[in-house]
Every structure is written in C-alpha cells, then in structure tokens.
Amino acid sequence: MSAEAADREAATSSRPCTPPQTCWFEFLLEESLLEKHLRKPCPDPAPVQLIVQFLEQASKPSVNEQNQVQPPPDNKRNRILKLLALKVAAHLKWDLDILEKSLSVPVLNMLLNELLCISKVPPGTKHVDMDLATLPPTTAMAILLYNRWAIRTIVQSSFPVKQARPGPPQLSVMNQMQQEKELTENILKVLKEQASDSILVLEAALKLDKDLYVHTMRTLDLLAMEPGMVNGETESSTAGLKIRTEEMQCQVCYDLGAAYFQQGSTNAAVYENAREKFFRTKELITEIGSLSLHCTIDEKRLAGYCQACDVLVPSSDSTSQQLTPYSQVHICLRSGNYQDVVKIFIEDNLTFSLPVQFRQSVLRELFQKAQQGNEALDEICFKVCACNTVRDILEGRTISVQFNQLFLRPNKEKIDFLLEVCSRSINLEKASDSLKGNMAAFLKNVCLGLEDLQYVFMISSHELFITLLKDEERKLLVDQMRKRSPRVNLCIKPVTSFYDIPASASVNIGQLEHQLILSVDPWRIRQILIELHGMTSERQFWTVSNKWEVPSVYSGVILGIKDNLTRDLVYILLAKGLHCSTVKDFSHAKQLFAACLELVTEFSPKLRQVMLNEMLLLDIHTHEAGTGQSGERPPSDLISRVRGYLEMRLPDIPLRQVIAEECVAFMLNWRENEYLTLQVPAFLLQSNPYVKLGQLLAATCKELPGPKESRRTAKDLWEVVVQICSVSSQHKRGNDGRVSLIKQRESTLGIMYRSELLSFIKKLREPLVLTIILSLFVKLHNVREDIVNDITAEHISIWPSSIPNLQSVDFEAVAITVKELVRYALSISPNNHSWLIIQADIYFATNQYSAALHYYLQAGAVCSDFFNKAVPPDVYTDQVIKRMIKCCSLLNCHTQVAILCQFLREIDYKTAFKSLQEQNSHDAMDSYYDYIWDVTILEYLTYLHHKRGETDKRQIAIKAIGQTELNASNPEEVLQLAAQRRKKKFLQAMAKLYF
C-alpha cells in the first residue's frame with residue numbers, strides 16, 4: 001500500500017460518525033448507527049427530531065407513472081424508518097411528558113399507532129373490548145400508553161394556548177401550518193369521540209395486579225427479525241422494560257383524575273371521581289417513594305389539583321373547622337352566604353393564609369354579580385373591599401382605588417364596620433411595631449379624608465385609635481383638624497365615661513344616640529340613656545328611631561311612667577326585643593325581655609304580666625323555629641304556661657291578640673286536642689274567639705273517625721265559618737220610594753273577621769287540622785249554585801250539603817281564601833297528594849289546563865315514587881282521570897287522551913276513538929303508541945292509518961300490537977304487568993313534559 005493510500009484510509013477511519021445534516025437519517029438508516037448516535041451526551045440531531053424525520057420520510061406519499069399521488073408504499077425502507085422511530089421512543093423510555101412536549105399531535109398519533117401495530121393489537125378492534133389481563137404484557141402496555149396519551153391530549157386541548165407571534169408571512173409555511181392544524185383538529189375530534197372508551201380502558205387497568213413491560217430497543221429488534229428467530233421471547237413475562245404495578249397505577253390515576261377534572265366543568269358530579277383519583281395518586285407516590293424510575297408526576301400540579309378538589313368536593317366527613325379557607329370561601333360563594341365570606345376574610349387578616357390575589361379575585365367576582373343587577377351585593381362588596389384594604393395596609397401596600405371609590409360617601413354603618421375590621425385584624429399584644437404603625441397611619445389618613453366631623457369623632461374616640469396613636473400624634477392630628485375647622489375643639493385625652501365624649505354637646509348626643517340605635521346589649525342601653533339624661537332633660541329618647549315600635553295596647557301604660565329615664569328604658573328595651581323576635585334573633589330578644597322584666601317588676605305588676613306574656617310568645621317562637629321543626633315536642637312547662645295564659649283572668653292587663661292566636665295554634669299544632677275539647681274553661685269559649693275556634697277544630701279532629709251522625713261539632717264549626725264568610729248589605733230608599741242596594745260589607749256577626757281567620761290558619765302546621773279547614777272551605781266553595789266544576793277534598797262528606805241563605809255568603813272571598821289556604825298548605829307540606837289534587841282542581845275550574853295537569857301528575861308522582869309503583873286508586877279516581885283527559889283534549893293532545901282512557905275502570909272507547917280521529921294533535925302522536933296496552937285501541941289505530949294511507953304510522957301500530965306480552969292468551973297477571981309497565985312509562989313521560 002502506498003503512503004498516500006494509507007493516509008486516506010486513516011483519515012476515513014478517524015472521521016466523525018455524524019454526517020452532514022442534509023442526509024443524516026439516510027446515514028443512520030444505511031449504516032445502522034442509531035444506537036451509537038443516541039449514546040452521545042448531546043446528540044445532534046436530538047432524539048425527538050429523529051422521530052419526526054423518520055416518520056415524515058416513512059409517510060411521504062409516492063407518485064405513480066400517471067403522476068397520481070399514492071399512499072406511502074409498505075416497503076422495507078419505510079418499515080425500517082418506522083422501526084427506528086419506535087426505537088428512539090424506546091430509548092426515551094416512552095416518557096409521554098418528553099414526547100408530548102416536543103412532538104406534535106399528528107406525529108405522536110402516528111408513533112403510538114405504529115406501537116400498537118408492532119405490539120400485535122388487531123386493527124379495527126376496540127380497546128375497550130379487549131381483556132388487558134389476558135394480553136401479553138407489552139401489548140397491554142401499548143394499549144395503556146395510547147389511551148393515556150388520548151385523554152392527556154383531550155385535557156391539554158381544553159387549556160388556553162398563547163399564540164406565537166407570527167414572523168414574516170411565507171405562503172408555503174402558512175399552508176403547512178394550516179394543514180397541520182386541520183389534521184390536529186381531526187385527530188382531536190376522533191379522540192373526543194372515543195374518550196369514554198379510553199377512560200374505561202384505564203379504569204380497567206387499575207384492576208390489574210401484575211407488572212407490565214414496555215418495548216425496548218432490543219425487543220423491537222427482535223420483533224423486526226423473522227418470526228422463527230424470536231422464539232416468543234417478546235411475549236414472555238420478562239421481555240422489555242419492567243413497569244411495576246404501582247408505577248403504572250400511579251400514572252393512570254393521575255391521568256384519569258385530570259380527565260375527570262376537565263369533565264367537571266360540564267358535570268359537577270364528576271369532580272368526586274377526580275378527587276378520588278388524585279388522592280389515590282398521592283398515596284401511590286408515597287408508597288413508591290424514591291424507587292420510581294418510570295413514574296414522573298408533577299407533584300406541584302398534583303397538589304393544586306387536590307386543593308381544587310377539596311374546594312369543589314369537600315370531604316363528607318370533614319367539618320367546617322377542618323376545611324381550608326379556600327374551601328370555606330368557595331362553599332360560601334356557591335351557597336350565596338356572603339356574610340361568612342366577610343368573616344373568613346376578617347379572620348384571615350390575622351393569619352395571612354389566603355393570597356392577596358385570591359382575595360382580589362373574590363372581590364372581582366362579587367363586583368361582576370353586583371353590576372349584573374344584584375343590588376344587595378353592594379354592601380357586601382364594600383365589606384370585602386374593606387377587609388382587603390386592611391390586609392393591604394397591614395402588609396405595607398397602598399390603599400386600592402376601589403376602596404377610595406366605595407368610601408366616597410361614608411356613613412355610620414361603613415365607619416362602624418371599618419373600625420370593627422381594624423380592631424379584629426390586629427392583636428395588639430402580639431403585633432409588631434410596624435403593624436401597629438401601619439394601622440395607626442391608616443386611621444389617621446381616614447380621619448383626614450373625612451369632611452363630616454361626626455364621623456371623625458367616631459374614629460378618634462374609638463379605643464383602637466386611642467391605643468395606637470401617641471399623645472404627640474393625636475395633638476398633631478388635632479392641629480390639622482383645627483386648620484380645617486377652627487371652631488371645633490377636639491378632646492385629646494380619652495374621657496373615662498361609657499364612650500370617649502368630645503367637648504361638643506350636639507356631636508356627643510348624636511354619637512350616643514347612634515350607639516343607642518345600634519346596641520342590643522341591655523347594660524349598654526342603660527348606660528347610654530343615663531349619660532344622655534345627664535346631658536339634657538328636655539329630650540324624649542324613646543322617639544330617637546322611628547323603627548322602635550311598641551303595640552298601642554302597651555304604649556299607653558309605658559308612656560304613663562313618670563320617671564323619664566325609666567320610661568325611655570322600658571320602651572326601648574321592649575321595642576328592641578320585639579324587633580329582635582321579628583328577625584328571629586331570639587337570644588338577644590330574650591336578654592332584652594329579661595332585663596325589661598327585671599326592671600318593671602320593681603314598680604308595675606301590670607307591666608310585669610305584659611313582659612311575662614311576651615316572653616311566653618318568644619319561647620313559643622323559639623321552639624317552633626328550633627327543635628319544633630324536627631318534630632320534637634315542646635317541654636311540659638311550656639305547655640303549662642300556654643294553658644295558664646289562656647286561662648288567665650287578671651283585670652286591666654293589656655293583651656295582644658297575636659298572643660292568643662299563637663297559643664291556640666300552638667296547642668293545635670302539638671295535638672293538645674284533649675285540653676281544647678274537654679278542659680278549656682267555659683268563660684274562655686265566650687270571651688276568646690280563637691279558643692272557641694280551636695275548640696271546634698280540636699273536637700272535629702277528635703270525632704272524625706266516628707259515624708257521620710255523631711259529628712255535631714263539625715256542623716257547629718261549619719256554621720261558625722259560614723257566619724265569618726257572610727256579608728251584610730246596606731240599603732237606601734230613593735226619592736221614588738224604591739229601595740236600592742248600595743254596598744255589601746263583611747258581616748260583624750261572626751266571632752272574627754275573615755282576614756283574622758286567615759291569619760290564624762296560617763299559623764297552623766298540623767296536617768289533619770289543615771286538611772279539615774281546607775275541606776270545609778272547599779265544600780263551602782262547591783255549595784254555590786253556579787259552580788260548574790266541583791273541587792274535591794278529603795273528608796268533604798262531613799260537612800252539610802246546603803246553606804239556607806246562599807245570598808249572604810261572599811263566595812268570591814271564599815274562592816280567594818281557598819286559593820290562599822292551598823298555597824299555604826303546600827308550602828308546609830309540598831308532597832301532600834290530597835292538597836295537590838285540590839290545587840289541580842282549582843286550576844281545572846279556572847280553565848288553566850296545563851297547570852292542572854302539572855299538579856294532577858305531581859299528586860300521582862309523590863305517592864308512587866315517581867310512578868315506579870302503582871298510583872293508589874283513591875288518588876287517581878275516575879273523576880281525576882276524566883279531568884286529566886279533558887285537560888289533554890283542550891290542549892289538543894289527542895293521543896294522550898286515548899292513552900288516559902285506558903286508565904278508567906271501564907275503558908272509554910268512544911272518547912279514545914274520537915280523539916284518535918283528530919288530525920290536528922299537538923302531542924308526539926305515534927311515538928306514544930308504545931304506551932297503549934289495549935289491543936282494541938291499537939287495532940283501531942291500524943285501521944285508521946290504513947284508511948288514511950299513513951303506511952309508516954300503521955307499521956308502528958302493528959309493531960305495538962305484535963308485542964308478545966299483549967297477547968290475549970297470556971295469563972291475567974302478565975297482561976296486568978304489561979299494562980302497569982306502560983302506565984309507568986307514560987306517566988313519567990307526561991311528568992317530564994309538564995314539570
């Protein structure tokens with residue numbers, strides 16, 4: 001060999017393996033240098049670029065001799081290119097995080113499809129139909145990889161993507177981008193259609209209890225060899241890279257959790273599944289620990305998912321104390337409990353646990369709701385903004401523009417709340433000097449920004465302000481205020497009275513009156529009144545607020561108290577107690593009443609009895625709003641006190657009518673019928689109309705199961721109510737001597753007015769008592785001569801059938817009363833089928849047929865578990881069915897009429913056939929034929945459609961007749977079961993239509 005040849009050979013052997021960039025894939029293909037290239041520390045091109053290039057070359061279309069584009073040929077070169085792409089992915093250990101980050105959706109789709117193909121997954125077979133447990137480990141793993149990628153891609157596509165800034169427009173590049181976009185959209189469409197199948201495949205994978213294996217470069221080489229040389233090694237349990245069961249389940253749980261979480265935006269119930277999967281992922285990560293080689297989970301993202309799930313689906317066994325502040329805020333926002341959001345934010349001002357950005361996002365959400373017309377949120381917006389502002393100033397940030405805008409028009413309520421937030425947001429014993437300084441500066445700035453001096457005094461006299469500001473600072477503030485208003489003299493040192501009182505008497509009185517209006521603490525009210533009376537003796541302070549209302553029967557006695565301070569105190573304590581009781585603040589009402597009772601006991605037995613009566617009424621309300629709602633009987637001493645009130649015979653004691661009403665209603669609601677019937681003193685029946693009415697109702701309930709002739713009390717009750725509903729006419733004689741009717745007025749002969757009776761009835765909750773009253777008024781409504789459609793009711797037969805003087809009864813008022821009573825009764829018990837039938841009959845009688853059907857169907861639904869059981873025949877009587885038929889007929893739903901005719905005890909063929917002849921039907925017509933079980937009606941339908949030439953509808957009718965369960969030869973039980981099943985489906989379909 002020559003020296004020149006030797007030099008040339010040495011140069012050739014020492015040249016680098018990497019060829020020029022233009023032909024590197026050809027170089028790797030021809031020289032089989034892929035593995036050597038991938039082992040380099042920083043291979044260029046990178047592995048993912050190799051995959052793209054291999055697959056692009058393998059998928060290039062070919063052109064035949066006629067210049068027609070053909071699919072890529074399945075030749076040896078293309079198969080090797082695909083195999084090389086798979087080997088590169090195997091080198092990356094099939095890490096979807098790496099592959100998804102660097103490969104487009106079409107390329108990765110092509111790669112995973114090739115993996116399925118080489119793993120012997122039959123083409124065209126649904127993955128959900130394959131049993132993973134019986135498949136070879138590498139085949140099962142290939143299916144899992146594909147389905148994991150499918151749902152990950154769907155989840156990723158739901159995230160907003162920041163568009164890349166386009167460079168100079170190039171037509172070829174733009175066309176390529178558009179083609180890739182369309183291809184991606186098509187693939188996503190297919191993946192979304194198969195999403196439910198993919199989820200089922202992954203759920204099935206969680207049940208596997210064996211390790212899986214994924215293809216490596218070696219197993220892929222073995223697969224590429226001749227089948228006879230493989231010896232089944234790739235299908236054995238030891239071929240490929242081992243993936244432990246825990247690692248596989250951890251990855252699958254995480255991907256399923258993300259998929260369920262994404263679906264939760266349209267179906268909130270799915271969040272529970274997401275929560276379960278994410279928390280299972282956390283458990284598996286703990287089990288796997290640092291030993292995991294193939295399980296890569298973004299634990300920060302997982303923690304975010306878990307926190308979001310805790311908010312969206314709080315654990316059923318967690319209490320409000322165990323919930324995170326995020327969860328508490330979210331639950332409050334969802335339920336509209338905005339006051340609790342304010343409380344959480346105030347508490348967070350001490351702990352700083354909620355990020356400022358989150359608090360601001362809550363405020364933005366509330367602002368948006370307020371701007372959409374919810375004016376009630378304006379106050380909440382200010383409160384949340386105030387909480388956020390105090391948090392900002394504590395952390396040294398500037399005051400937001402929003403707070404300045406909302407505080408442009410300050411009032412006492414806003415300043416009181418701001419001072420409350422400031423006080424509760426700082427622990428003076430533990431707070432640092434910087435926190436105290438920030439708070440003091442904020443309060444000073446607020447003072448300087450206020451124009452109304454009354455508001456300035458509210459802040460400057462507050463305990464927090466005095467504690468935080470030193471004497472020098474307060475002096476400086478006083479000087480600044482004097483420059484603004486030289487006439488004002490601010491008190492620098494705090495006064496040692498109940499409040500810090502400025503020198504200006506008018507401002508002082510105004511401030512104390514404001515505190516008097518707001519306070520519900522009896523001791524504070526007393527102290528404020530003492531100070532006010534010490535400052536002036538000319539004012540009557542019980543007139544400070546026009547909201548302080550005391551019943552007129554009491555006011556005469558109270559205002560007759562000679563001592564001004566005592567008079568004001570008794571009046572205000574009673575007025576505030578009554579107001580607290582009205583707004584159901586029973587604890588404060590009890591404190592106020594107890595203080596008033598203690599006060600009046602010293603000088604007025606009459607007012608003492610008044611307070612005892614009011615405390616009895618308060619205890620009744622407290623029980624009814626508390627344990628009484630759950631059906632717990634009242635304590636025996638409360639029942640004894642109610643009896644004592646009813647039997648009380650003290651002269652000259654001012655009594656409120658409402659207390660007597662409530663006491664009698666209380667006895668009826670708790671079924672104290674024995675007392676009302678037998679033990680009520682006779683004088684009470686004459687003097688108290690409510691006791692008389694209660695005695696008649698209790699006796700009627702007691703006698704109800706007995707024979708009709710023994711129901712004397714029912715007749716007495718009927719006469720009392722008829723008298724209440726009667727009217728008296730006034731007449732006038734004209735100049736010609738004729739008498740003309742000028743006006744009808746409510747009769748004064750009854751034991752009470754109709755409005756009082758209605759008010760009393762609306763205090764009752766006992767179903768039997770309400771049923772008795774309803775049936776009485778329904779019977780009274782039906783008695784009138786011009787009535788067309790009677791209303792049905794339970795126990796209606798116990799009432800008389802006629803009235804001697806029909807003209808004396810105000811039937812319009814009776815009709816209105818029936819409607820009001822039914823509405824009230826259904827608010828107490830919405831699922832009472834008897835009351836629902838009454839409501840339906842009322843709508844039927846007033847020609848509101850759609851509403852009548854709604855309530856007829858609801859009555860059947862509530863007593864049959866939404867028609868899953870047979871509706872009792874005493875609910876769907878023939879009269880009810882006939883009224884439903886008439887409603888459907890007048891609504892032009894003629895097929896529904898024919899079906900309902902089957903519900904009658906004797907099928908009404910005449911009405912059914914007539915309705916089926918109607919061609920202008922507004923219902924679903926032939927789609928209802930499956931609900932017909934009577935063969936005669938179906939045969940008539942077949943004849944009718946044949947006669948009209950309606951072939952399609954005739955075939956539907958014939959198909960319905962041909963069902964084996966309708967064969968007349970079947971046993972009666974089979975026929976009844978077929979009818980019952982069709983009744984159920986038809987009524988459920990009707991309910992969905994009219995509910």
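Because the structure is predicted, anything quoted here is derived from the model rather than measured.

(A) Layout of the overall build of the protein chain. What the protein chain contains, in helices and strands, is 47 helices and six strands. A total of 995 residues make up the protein chain; the buried ones form 45% of that total. Long-range pairs, those at least 24 residues apart, make up 65% of the contacts in the protein chain between residues at least 6 apart in sequence.

(B) Examining the state of the cysteines more closely. Tallying each qualifying case throughout the model produces zero disulfides. C893 supplies the cysteine sulfur nearest to C888, a cysteine that is in no disulfide, at a spacing of 5.8 Å. Looking at C888, the relative accessible area reads 0%, which means it is buried.

(C) The environment of T566, seen in detail. The residue T566 is located in helix 28 (residues 564-582) in this model. Separated by 40 residues in the primary sequence, T566 and R526 place their C-alpha atoms 9.4 Å from one another. Non-local contacts of T566, meaning those with residues more than four positions away in its chain, are made with I561, L599 and F603. Polar contacts involving the side chain of T566 include one to the side chain of D563, which spans 2.6 Å.

(D) Structural context of the pattern of salt bridges. Counted by the stated rule, this structure contains 35 salt bridges. With a shortest N-O distance of 3.4 Å, K242 and D211 are connected by a salt bridge. In this pair, K242 sits in strand 4 (residues 241-243) while D211 sits in the loop between helix 10 (195-205) and strand 3 (212-214), placing the two residues 31 residues apart along the sequence. Of the residues examined, K242 reaches a relative accessible area of 41% and is grouped as partly exposed. When its relative accessible area of 26% is taken as the criterion, D211 is described as partly exposed. Taking the shortest distance from any N to any O, the salt bridge between E624 and R765 comes out at 2.5 Å. In this pair, E624 is assigned in helix 30 (residues 605-625) and R765 in the loop between helix 37 (754-761) and helix 38 (767-783), connecting sequence segments 141 residues apart. On the basis of relative accessibility, which here comes to 17%, the residue E624 falls in the buried class. A relative accessible area of 30% means that R765 is categorised as partly exposed.

(E) Seen up close, the packing of aromatic side chains. Counted according to the given criterion, the structure contains 26 aromatic pairs. Between F403 and F442, the aromatic rings sit 6.2 Å apart at their centres with planes inclined by 50°, giving tilted as the arrangement. One end of the pair, F403, is in helix 19 (residues 401-406); the other, F442, is in helix 21 (residues 433-449), and 39 residues separate them in sequence. Judged by relative accessible area, which is 2%, F403 ranks as buried. Relative accessible area serves as the criterion here: at 2%, F442 is assigned to the buried category.

(F) Structural context of the confidence of the model for the protein chain. Chain-level pLDDT for the protein chain is 80 on average; 82% of the residues reach the 70-or-more range. For residues 485-504, every residue scores under 50 in pLDDT, and the model assigns this stretch 40 contacts once sequence neighbours within four places are set aside. A low-confidence stretch, residues 739-743 (pLDDT under 50), is modelled with 14 contacts involving residues beyond four sequence positions or located in other chains.

(G) Structural context of the nonpolar core. Counting 160 residues, the largest nonpolar core has L646, F777 and Y876 as the members making the most contacts within it. It is helix 38 that provides the largest number of residues to this core, a total of 10 residues. When sequence neighbours within four positions are dropped, the list of residues in contact with Y876 reads Y856, L857, G860, F867, V871, I881, M884 and L987.

(H) Structural view of the environment of S400. Following the sequence through the fold, S400 ends up in the loop between helix 18 (377-394) and helix 19. A relative accessible area of 22% places S400 in the partly exposed class. Distance from S400 to A386, taken between C-alpha atoms, is 9.8 Å for residues 14 residues apart in sequence. Excluding anything up to four places from it in sequence, S400 contacts C385 and T389. Here the side chain of S400 touches F403 through a polar contact of 3.3 Å, landing on its backbone nitrogen.

(I) Representation of the environment of F760 within the structure. Considering the arrangement of structural elements, one finds F760 in helix 37. A relative accessible area of 0% places F760 in the buried class. Between the C-alpha atom of F760 and that of L693, which follows or precedes it by 67 residues, the distance is 9.8 Å. Excluding residues that lie within four positions of it along the chain, F760 makes contacts with E661, V664, A665, L668, Y690, L693 and L697.

(J) Just the packing of helix 40 (residues 833-845) against helix 41 (residues 849-862), in detail. At a minimum axis separation of 8 Å, helix 40 and helix 41 run at an interaxial angle of 165°. Taken together, the axis directions place helix 40 and helix 41 in an arrangement best described as roughly antiparallel. The two elements helix 40 and helix 41 cross, and the hand of that crossing is left-handed. Taken together, the residues of helix 41 that come into contact with helix 40 (itself represented by H833, L836, I837, Q839, A840, D841, Y843 and F844) are Y849, A851, A852, Y855, Y856, Q858, A859 and V862. Classifying every residue of the contact of helix 40 with helix 41 gives 12 nonpolar, three polar and one charged.

(K) View of helix 43 (residues 894-901). Counting buried positions along helix 43 yields eight of eight residues, so the element is predominantly enclosed. What helix 43 keeps buried is the set H894, T895, Q896, V897, A898, I899, L900 and C901.

(L) Examining the side chain of S915 more closely. Checked against the element boundaries, S915 lands in helix 44 (residues 909-917). When residues no more than four places from it in sequence are discounted, the contact partners of S915 are H894, V897 and A898.

(M) Fine view of the packing of helix 29 (residues 586-600) against helix 30. Two elements in contact, helix 29 and helix 30, have axes separated by 9 Å at closest approach and are oriented at 165°. Overall, the two elements helix 29 and helix 30 adopt an arrangement that is roughly antiparallel. Crossing of helix 29 over helix 30 shows left-handed handedness. Here helix 29 contributes F586, A589, K590, F593, A594, C596, L597 and V600 to the contact with helix 30, which in turn contributes L607, R608, M611, L612, E614, M615, L618, D619, H621, T622 and A625. Taken together, the residues that form the contact of helix 29 with helix 30 break down as 13 nonpolar, two polar and four charged.

(N) Region of the structure containing unusual backbone geometry. Positive phi, normally seen in glycine, also occurs at F866, with a value near 55°. Of note in the backbone geometry, F867 takes a positive phi value of approximately 70° without being a glycine. By the secondary structure assignment, F867 is in the loop between helix 41 and helix 42 (878-890).

(O) Broad picture of the side chain of N688. Considering the arrangement of structural elements, one finds N688 in the loop between helix 34 (682-687) and helix 35 (689-703). You can call N688 buried: its relative accessible area is 13%. Here the side chain of N688 touches Y690 through a polar contact of 3.1 Å, landing on its backbone nitrogen.

(P) Here's a closer look at helix 15 (residues 325-335). Taken together, the buried positions of helix 15 are S327, V329, C332 and L333. Taken from the residues just after helix 15, G336 is the one with a positive phi, measuring 75°.

Conventions adopted
- Residues numbered from 1 in each chain as written.
- Predicted model: local features only at pLDDT ≥ 70, side-chain atom pairs only at ≥ 80, totals over all residues.
- Heavy atoms only, no water.
- Helix = DSSP H or I, 4+ residues; strand = E, 2+ residues; numbered from the N terminus.
- Buried < 20%, exposed > 50% of the residue type's maximum accessible area, 1.4 Å probe, protein only.
- Contact = heavy atoms within 4.5 Å.
- Disulfide = S-S within 2.5 Å.
- Polar contact = N/O pair within 3.5 Å; in protein donor to acceptor, adjacent residues only side chain to side chain.
- Salt bridge = Lys/Arg side-chain N within 4 Å of Asp/Glu carboxyl O.
- Phe/Tyr/Trp six-rings, centres within 6.5 Å; stacked < 30°, edge-to-face > 60°.
- pLDDT = per-residue confidence, 0-100.
- Core = buried A, V, L, I, M, F, W, Y, C linked by side-chain atoms within 4.5 Å.
- Axes fitted to C-alpha atoms, helices over the stretch in contact; angles between N-to-C directions.
- Parallel < 35°, antiparallel > 145°, perpendicular 65-115°, else oblique.
- Left-handed = near helix turned anticlockwise from the far one by under 90°.
- Nonpolar A, V, L, I, M, F, W, Y, C, P; charged D, E, K, R; others polar.

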